[in-house]
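If you want the building blocks of each chain, they are given just below.
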Amino acid sequence: MTAPSIPPRRCLLIACHWLGDTFWASQVLPALQARWPDTELHVGAKPAALDLFRQYLPDERLLPLPEIVSDRRRERFHPLGFLRRAIAVRGMTFDLVIDLTGNRYSALFSRLVASGSTIGFDGGELGCLYTRRVPDAERPEAHLSERPWRVAQAVVPDLTIPPLPTPVAPGEELPGILASMGITDRRPYAVIAPGAGWATKRWPAPRFHELAAHLERQGLRVIACGSAAEQELCREVVRTLDHGGVADLSVGDLCTLVTGARVVIANDSAVAHLAAAAGLPVIVLFCPTNPLHCRPLGPRVTILRTDCPLRPEGSSDHCPHWTDNPCPRPEWMQISTDTVIAAVMAQLPE
């Protein structure tokens, strides 16, 4: 079956990745809105990622889909909850479902909820369930941000990929966010994001702490931000600082926080992508992932990378040691604290 020749009446986009990949998927939505002004577009995503879409759609068109697993190593699949959610969504009668996630769970969910066509990646996990399948092959040098566009272009072939992503709309006002963290003065601040989805993507916490101490000596407050599961790691980074802070914020409020920062230092993570898109100076640390495919896109991004002989190159997204187990090679040691400090100071205004 080919893509619909006329715009659908009601369409669901499924974007149930982790936050960084969902950010790339969110870029497709305004392009489809512009081409299909009369289509009732809805988005299904992880609850924490729905903020990425609120600048485009009202809340009643945003569907929390926690039942769609994106990483089997870190999430449990609950078949009964999955089926109940699918039955509820099917009642909304979507005549087109565009799956930007592309795994077995999203493919099955797409098939169960669609009243009409489904579009997603061919090959791999249950790609055969889509009524229209998009080849998953990509150019060796292609950035991961292009992946959701390939699915969207199967529906609207002449969609063009913008050179830089659209930033996420900020949430609450910055003074209120800082006040909720106990910060009431106007001291300039840096944001450090020491976490990442995989343990092996994290530059060692003691080095982040050394960096934070240096930044404080330069007159900056340091705010360490991360998910609820990363709060202990964040506290470790600022543990001896006189002017430190720890933040666990919604996506919208996180975007507000980073927009007010002098500089952002992060691992290969969603925080780096959000800050880079907002035009902030961002220092990003890479070890087991390939910046050719995964780097944040923005006008002021500095990439620091290890020289590990096993690091991914070419078409490889990640090195062989990509699980949550520590890498047996101490390759993170190749990015010293002094190297990161020098990169940060080069980005700070005089």
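Before reading further, recall that the structure is shown in the block above.
Throughout this document, residue positions are counted from 1 along each chain, in the order its sequence is written. pLDDT decides what is reported in this predicted model: residues at 70 or higher carry local features, side-chain atom pairs at 80 or more are listed and counted, and totals for whole chains, interfaces and linings draw on all residues regardless. Side-chain numbers come from the whole structure's heavy atoms, not from hydrogens or water.

Draft legend 1. Seen up close, unusual backbone geometry. In the Ramachandran plot, Thr-93 falls in the positive-phi region, its phi being about 50 degrees despite a non-glycine side chain. Positive phi, normally seen in glycine, also occurs at Leu-126, with a value near 60 degrees.

Draft legend 2. View of the packing of aromatic side chains. Classification of ring pairs uses Phe, Tyr and Trp, with its six-membered ring standing for Trp, and accepts pairs whose centres are within 6.5 Å; under 30 degrees between planes counts as stacked, over 60 as edge-to-face, and the remaining range as tilted. Scanning all chains against the criterion turns up five aromatic pairs. Pairing Phe-23 with Trp-24 gives two aromatic rings, centres 5.1 Å apart and planes at 55 degrees, and the pair type is tilted. Judged on exposure class, the residue Phe-23 and its partner Trp-24 are both buried. Where Trp-203 meets Phe-208, the ring centres are 4.9 Å apart and the plane angle is 85 degrees; that geometry is what we call edge-to-face. Note on accessibility: Trp-203 and Phe-208 belong to one class, buried. Taken together, the ring pairs in this structure connect Phe-77, Phe-82, Tyr-105 and Phe-109 into an aromatic cluster. As a reminder, the over-ring test applies to NZ of lysine and CZ of arginine, requiring each to be within 6 Å of the ring centre and within 35 degrees of the ring normal. Across the ring face of Phe-121, the terminal group of Arg-147 is positioned such that the distance to the ring centre comes to 3.9 Å. The buried label applies to any residue whose accessible area, calculated with a 1.4 Å probe on protein chains only, is under 20% of its type's maximum; exposed applies above 50%, and partly exposed to all values in between.

Draft legend 3. Region of the structure containing helix α10 (residues 270-277). With eight of eight residues buried, α10 lies mostly within the body of the structure. Positive backbone phi, at 90 degrees, marks Gly-279, one or two positions downstream of α10. To qualify as a helix, a DSSP run of H or I must reach at least 4 residues; to qualify as a strand, a run of E must reach at least 2; elements of each kind are numbered from the N terminus.

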